[in-house]
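Notes for the structure review
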Amino acid sequence: MTASSHTTREGDQRFEAEALPYMDDVYRFALSLTRDPSDADDVVQETFLRAYRSWHTFQPGSDARRWLFTITRNVFLRSREREKRLVDLEDGDLEALSSFAVHSQMVRDGSDQILSRIDLGPALRRALDELDEPFKSAVLLVDLEDQSYEAASQILGIPIGTVRSRLFRGRRMLQDKLITYARDAGFSTAQRGQRGPKE
Amino acid sequence: MTDCNRDIDCRTAVQKLWDYLDDELTPERMDDVRRHLERCGSCLPHHDYARVFLAALSAAREGEARAPEQLRRRVMDNLRAAGFNA
C-alpha cells in the first residue's frame, strides 16, 4: 500500500463499498446540523470529497459511519466558521442534577403533566432545530444516531466528560423548550388532568 | 465482593441517571442505580420521566430523510472529477 493507494481502483472499490452506503446517514446528520436542505447538500458533497481524498488514512475495519460523521461535523463547523467556546464549567454530574432539578420543580408546581399533553414529536423536532451548538451535536449523535459517549467523543474530538456535560445540558435545554412550547400552546398548570388546551 | 450491599444516595443516583439510561455505566454501577430506583420513591419518577423523554427524542430522528437523487449524482460527479473510478 502506498500513500496514494486511495486513488487506485482497489481503494476506490473499498470507498464505494464502505463509505458511499452511508450517504443517507451523512445527509440526515448534515440536515439536522444545518436545518437547511441546500446547506445540507453542500455539507454532504464536501464531506464525501474530503473523505475520498483522505481515504488512505481510514483504517480498514474501523467504523466508516463514525469516521464520516467526524468529517461531516468538521465541514459543518468550517462552513459556519464558528464553534462557541464554553466559558462556564463543563461538569456532567452537575448538569444531570440541574436537569432533574427542573423536573422536581415541575412536580412541585404541578406542571409535570404538561409534557404528556403535547405532541412530543413535532415539539422535539422544533426544539432540536433551535438548539445551539455545541449541545446540538452531542444530542444528535447520542440520542438520535445511537452513538456511545466514546464514539461521540471521537467524532467531536472532545473528552467523554465533555460529551456528558454537553449532552446533559442539551437535554435540559430541550426540556425547557418543551415546557415553553406547552405553555405557549395554552397548557397551564391549572389544566392538570385535562387533555389539551381549552377549545 | 461486597458490591451487592453497597447503597448509593439520591444525589449520586440522580447524577448517574442519564448515564444509567444510556447504559454507559459499569455493570456494578448499573446495579447500584437499579437497586436505588427499586427502593426510592423520590428518584423513580425522575427515571420514568427521563425514559419517556429519551424515547420521544429518539423517535424524533429524521428517520425518513434520504439523500436526494440529485445530491447523489452531484456527489458522484465530484468524486469522479477527483479521480474516483470504482
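Residues take numbers from 1 onward in each chain, read along the sequence in its written order. Naming scheme: in the order in which they are written, chains are lettered from A and ligands are numbered from 1. Per-residue local features are limited, in this predicted model, to residues with pLDDT of at least 70; the limit for side-chain atom pairs, both in listing and counting, is 80 or more; totals at the level of whole chains, interfaces and linings are taken over all residues. Hydrogens and waters are ignored; side-chain quantities use all the structure's heavy atoms.

**Quick look at the interface of chain B and chain A**
Buried accessible area, meaning the area lost when the parts come together, often serves as the stated size of an interface. The contact criterion used throughout is that any non-hydrogen atoms of two residues lie within 4.5 Å. The partner chain A presents 47 residues to the 39 residues of chain B that form the contact. Buried area is calculated as the accessible area (1.4 Å probe) missing from two parts once they are joined, with the contributions of both summed. Here chain B packs against chain A, burying approximately 4100 Å² in sum over the two surfaces, 64% of which is carbon and sulfur. One speaks of a salt bridge when a side-chain nitrogen belonging to Lys or Arg is within 4 Å of a carboxyl oxygen belonging to Asp or Glu. At the surface where chain B touches chain A, the tally comes to six salt bridges. Salt-bridge contacts for Arg 164 of chain A lead to Asp 19 of chain B; the nearest nitrogen and oxygen are separated by 2.6 Å. Side-chain atoms alone can form a polar contact between residues adjacent in sequence; in general such a contact is a pair of N or O atoms within 3.5 Å, and within protein one must be able to donate a hydrogen while the other accepts it. Where chain B packs against chain A, one counts 17 residue pairs in polar contact (both at pLDDT 80 or more). At the level of elements, helix H1 (10-15), helix H2 (17-21), helix H4 (44-59) and helix H5 (69-81) of chain B are the ones that each hand at least two residues to the side of chain B that touches chain A. Elements are defined by DSSP. Helices are runs of H or I of four residues or more, strands are runs of E of two residues or more, and each kind is numbered from the N terminus. The element best represented in the side of chain B that touches chain A is H4 of chain B, accounting for 10 residues. Three categories are distinguished: nonpolar for Ala, Val, Leu, Ile, Met, Phe, Trp, Tyr, Cys and Pro, charged for Asp, Glu, Lys and Arg, and polar for the others, with Gly belonging to the last. Here the residues of the side of chain B that touches chain A are counted per class, giving 22 nonpolar, seven polar and 10 charged.

**Some remarks on the domain arrangement of chain A**
Residues and elements named next belong to chain A. Domain annotation for chain A reports domain 1 (3-79) and domain 2 (93-194). Contact residues are listed per partner, giving 11 residues for domain 1 and 14 residues for domain 2. Three residues stand out in domain 1 for area buried against domain 2, namely Arg 35, Arg 66 and Arg 73, and they jointly supply 44% of the buried area on that side. Summed over the shared surface of domain 1 and domain 2, the number is three salt bridges. Residue Glu 133 is joined to Arg 73 by a salt bridge in which the shortest nitrogen-to-oxygen separation is 2.8 Å. Domain start and stop positions are those given by an automatic or database domain assignment.

**Considerations on the packing of helix H6 (residues 120-130) of chain A against helix H9 (residues 160-184) of chain A**
Residue and element names in this part refer to chain A. For helices, the axis comes from a line fit to the C-alpha atoms of the stretch in contact; other axes are also lines fit to C-alpha atoms, and the angle between any two N-to-C directions lies between 0 and 180 degrees. Between H6 and H9, whose axes approach to 9 Å, the crossing angle comes to 125°. Regarding the angle of H6 to H9, the classification is oblique. Crossing geometry of H6 relative to H9 is assigned as right-handed. From H6, Leu 120, Ala 123, Leu 124, Arg 126, Ala 127, Leu 128 and Glu 130 reach across to H9, where they touch Leu 174, Lys 177, Leu 178 and Tyr 181. Residue composition of the contact of H6 with H9, grouped by class: eight nonpolar, no polar and three charged. Orientation labels follow simple angle bins: below 35 degrees gives roughly parallel, above 145 gives roughly antiparallel, 65 to 115 gives roughly perpendicular, and whatever is left gives oblique. In this scheme the crossing of two helices becomes right-handed for a clockwise turn of the near helix relative to the far one and left-handed for an anticlockwise turn of less than a right angle.

**Regarding the environment of Asp 129 of chain A**
Residue and element names in this part refer to chain A. As for its position among the elements, Asp 129 is in helix H6. Between the C-alpha atom of Asp 129 and that of Arg 35, which follows or precedes it by 94 residues, the distance is 6.5 Å. Setting aside chain neighbours within four positions, we find Asp 129 in contact with Arg 35 and Lys 136.

**Looking at the side chain of Gln 175 of chain A**
By the secondary structure assignment, Gln 175 of chain A is in helix H9. Take Gln 175 of chain A: its relative accessible area is 0%, and that puts it in the buried class. Not counting the four nearest positions on each side in its chain, Gln 175 of chain A is found in contact with Ser 99 of chain A together with Trp 18, Tyr 49 and Phe 53 of chain B. Partly exposed residues are those whose accessible area sits between 20% and 50% of the maximum for their type, while under 20% is buried and over 50% is exposed, using a 1.4 Å probe and protein chains only.

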